[in-house]
Amino acid sequence: MKPAKSTQRRQSVAQCRLFNGLSENELNEVLLVSRQRTLAPSAFLFHQGEHAQTFYIVTAGKIKLTQITPEGHQVIIRYVTAGGAIGILAALGDFPYPVSGQSVGACTLLAWQEEDISRLMERVPRLALNGMKMLSRRFADMMDRYRELATERVERRIARALLRLTHRAGRKTEAGILIDLPLTRRDLAEMTGTTLYTVSRILSGWEQQGFVKTGREQVTICSPHNMVIIAEDLPEGKRI
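Residues numbered from 1 in each chain as written. Predicted model: local features only at pLDDT ≥ 70, side-chain atom pairs only at ≥ 80, totals over all residues. Heavy atoms only, no water.

1. Comments concerning the overall build of the protein chain
Part 1: A tally of helices and strands in the protein chain yields nine helices and 10 strands.
Part 2: Taking 18 Å as the expected radius of gyration for a compact globule of 240 residues, we find that the protein chain reaches 19 Å, a close match to that expectation.
Part 3: Across its three principal directions, the C-alpha atoms of the protein chain cover 55 × 40 × 35 Å.
Part 4: Counting the 240 residues in the protein chain, one finds 44% classified as buried.
Part 5: Long-range contacts, defined as pairs at least 24 residues apart, comprise 68% of the intrachain contacts of the protein chain with a sequence gap of at least 6. (Helix = DSSP H or I, 4+ residues; strand = E, 2+ residues; numbered from the N terminus. Rg over C-alpha atoms; globule rule 2.2 N^0.38 Å. Buried < 20%, exposed > 50% of the residue type's maximum accessible area, 1.4 Å probe, protein only. Contact = heavy atoms within 4.5 Å.)

2. Looking at the environment of A52
Part 1: Mapped onto the secondary structure, A52 falls in the loop between β2 (44-46) and β3 (54-68).
Part 2: Each C-alpha atom of the pair A52 and E155 lies 36 Å from the other, and the pair is 103 residues apart in sequence.
Part 3: If sequence neighbours within four positions are ignored, A52 has contacts with L89, A90, F95, P96, Y97 and E114.

3. So, a positive patch on the surface
Part 1: A cluster of basic side chains, namely R17, R126, K133 and R137, defines a positive patch on the protein surface.
Part 2: Tracing the sequence through the fold places R137 in helix α5 (residues 125-151).
Part 3: Overall, the relative accessible area of 37% leaves R137 in the partly exposed class. (Patch = residues over 30% accessible without salt bridge, like charges linked within 9 Å, V, L, I, M, F, W, Y side chains within 5 Å. Areas by Shrake-Rupley, 256 points an atom, 1.4 Å probe, with all protein chains shown as cover. Salt bridge = Lys/Arg side-chain N within 4 Å of Asp/Glu carboxyl O. Lys, Arg positive; Asp, Glu negative; His and termini not counted. Charge placed at Lys NZ, Arg CZ, Asp CG, Glu CD.)

4. Overview of the nonpolar core
Part 1: Core analysis: the biggest nonpolar cluster contains 26 residues, and Y79, L162, L183, W206 and M227 have the highest contact counts within it.
Part 2: At the level of secondary structure, the elements contributing two or more residues to this core comprise β4 (74-80), α6 (154-169), α7 (185-192), α8 (196-209), β10 (218-221) and α9 (224-231).
Part 3: Examining the composition of this core, we find that six residues originate from one element, α6, more than from any other.
Part 4: By size, the runner-up hydrophobic cluster in this structure holds 21 residues, among which are L18, A85, I88 and L120. (Core = buried A, V, L, I, M, F, W, Y, C linked by side-chain atoms within 4.5 Å.)

5. What to know about empty space enclosed by the protein
Part 1: By the definition in use, this model includes one cavity of 30 Å³ or more.
Part 2: Quantified by volume, the largest cavity comes out at close to 30 Å³.
Part 3: In terms of lining, the largest cavity is formed by R145, E148, L149, R157, R164, M191 and T192.
Part 4: Counted by class, the lining of the largest cavity contains two nonpolar, one polar and four charged residues. (1 Å grid on protein atoms, 1.4 Å probe; cavity = no way out; pocket = protein on both sides within 12 Å on 5 of 7 lines; lining within 4 Å. Points joined across faces, edges and corners; volume = space filled by probe spheres on them. Nonpolar A, V, L, I, M, F, W, Y, C, P; charged D, E, K, R; others polar.)

6. Side note on the side chain of T198
Part 1: On the secondary structure map, T198 appears in helix α8.
Part 2: Since its relative accessible area comes to 13%, T198 is described here as buried.
Part 3: Polar contacts involving the side chain of T198 include one to the side chain of T195, which spans 2.8 Å. (Polar contact = N/O pair within 3.5 Å; in protein donor to acceptor, adjacent residues only side chain to side chain.)

7. Structural notes on the packing of α5 against α6
Part 1: Taken N-terminus to C-terminus, the directions of α5 and α6 make an angle of 150°; their axes are 10 Å apart at the nearest point. Here α6 runs roughly antiparallel to α5, going by the angle between their axes. Along its contact with α5, which presents R145, E148 and L149, the element α6 presents R157, R160 and R164. (Axes fitted to C-alpha atoms, helices over the stretch in contact; angles between N-to-C directions. Parallel < 35°, antiparallel > 145°, perpendicular 65-115°, else oblique.)

8. Some points on the layout of surface pockets
Part 1: Reported here for the largest pocket is a volume of approximately 1400 Å³.
Part 2: Lining the largest pocket are 42 residues; nearest its centre among them are R78, R137, R138, D141 and R168.
Part 3: If you list the elements that add at least two residues to the lining of the largest pocket, you get β3, β4, β5 (85-86), α3 (88-92), α5 and α6.
Part 4: Per-element tally for the lining of the largest pocket: the top contributor is α5, with 10 residues.

Function cannot be inferred from these measures alone, as they are strictly geometric.
Listed below in C-alpha cells is the structure:
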C-alpha cells in the first residue's frame, strides 16, 4: 500500500466515531481487515431491505441515502460526505438496511464485513460502546426531523434542510455558499415533507430577496445569516 494512500485510510478511520479512542495498535488491526471499494457515478452501494452485512466509511465523494415509502414515493434521508459512516446496523446485529445508498458522482469507501466488525468488537469493547452511541445519535436526529415535520412551518423546515446541506457539502464561492450536490427542488420537497409547488414558491421568494441563488440542480446560500434567522424562527426584524 502506498504511504499517501495508507495515511489517508488511517485518517479516515481515526476520524470515524466508531473508532474513537482506539490505540494505534487497535487502529492497525481495524485497517488490516478493511478493503477499499469504488463506485461509478449513480451506482448503488446497497438497496433498502438487503441484509446489512457491510459497514462503510466514505473517503472521497458523496453517497445519497433514500427510502421508498409504502406508497412508492422516494424520500431523501440524508447525504453522507467524506469521513461519514454508513451501515452501523451491520456492526451491531442482524438487520436489513432501512435505506438505499447511491453514489453522487464517483465515490471511494472503506468497507468492513459484518463478521470482521463483530470480531473486532469482541476484542475491543469500546467499539460496541461507540456503535451504540452512534445509533443513539442517529435516532435523536430522526426524532428531530420528525418533530420538524410535525410542528414547524414549511419555510423553517426548508431553511433547516439547506443549512444541514451546507454543513455537509457547502463550498464557498463569490456568490455565497454553494451546496456542492445535485439538488433539485423536488429533492428538497422530499427532504422536507412538502410539495414541489411550495418549495418553488419559497425559493423564488428567497431569491427575490437575495437570500439564495438557484440554478439547474444547484442552490447557493447568499445570506447564511438570514437562513439562520428563518430556521430558528427569529423575528424578521433581525434579517439583513
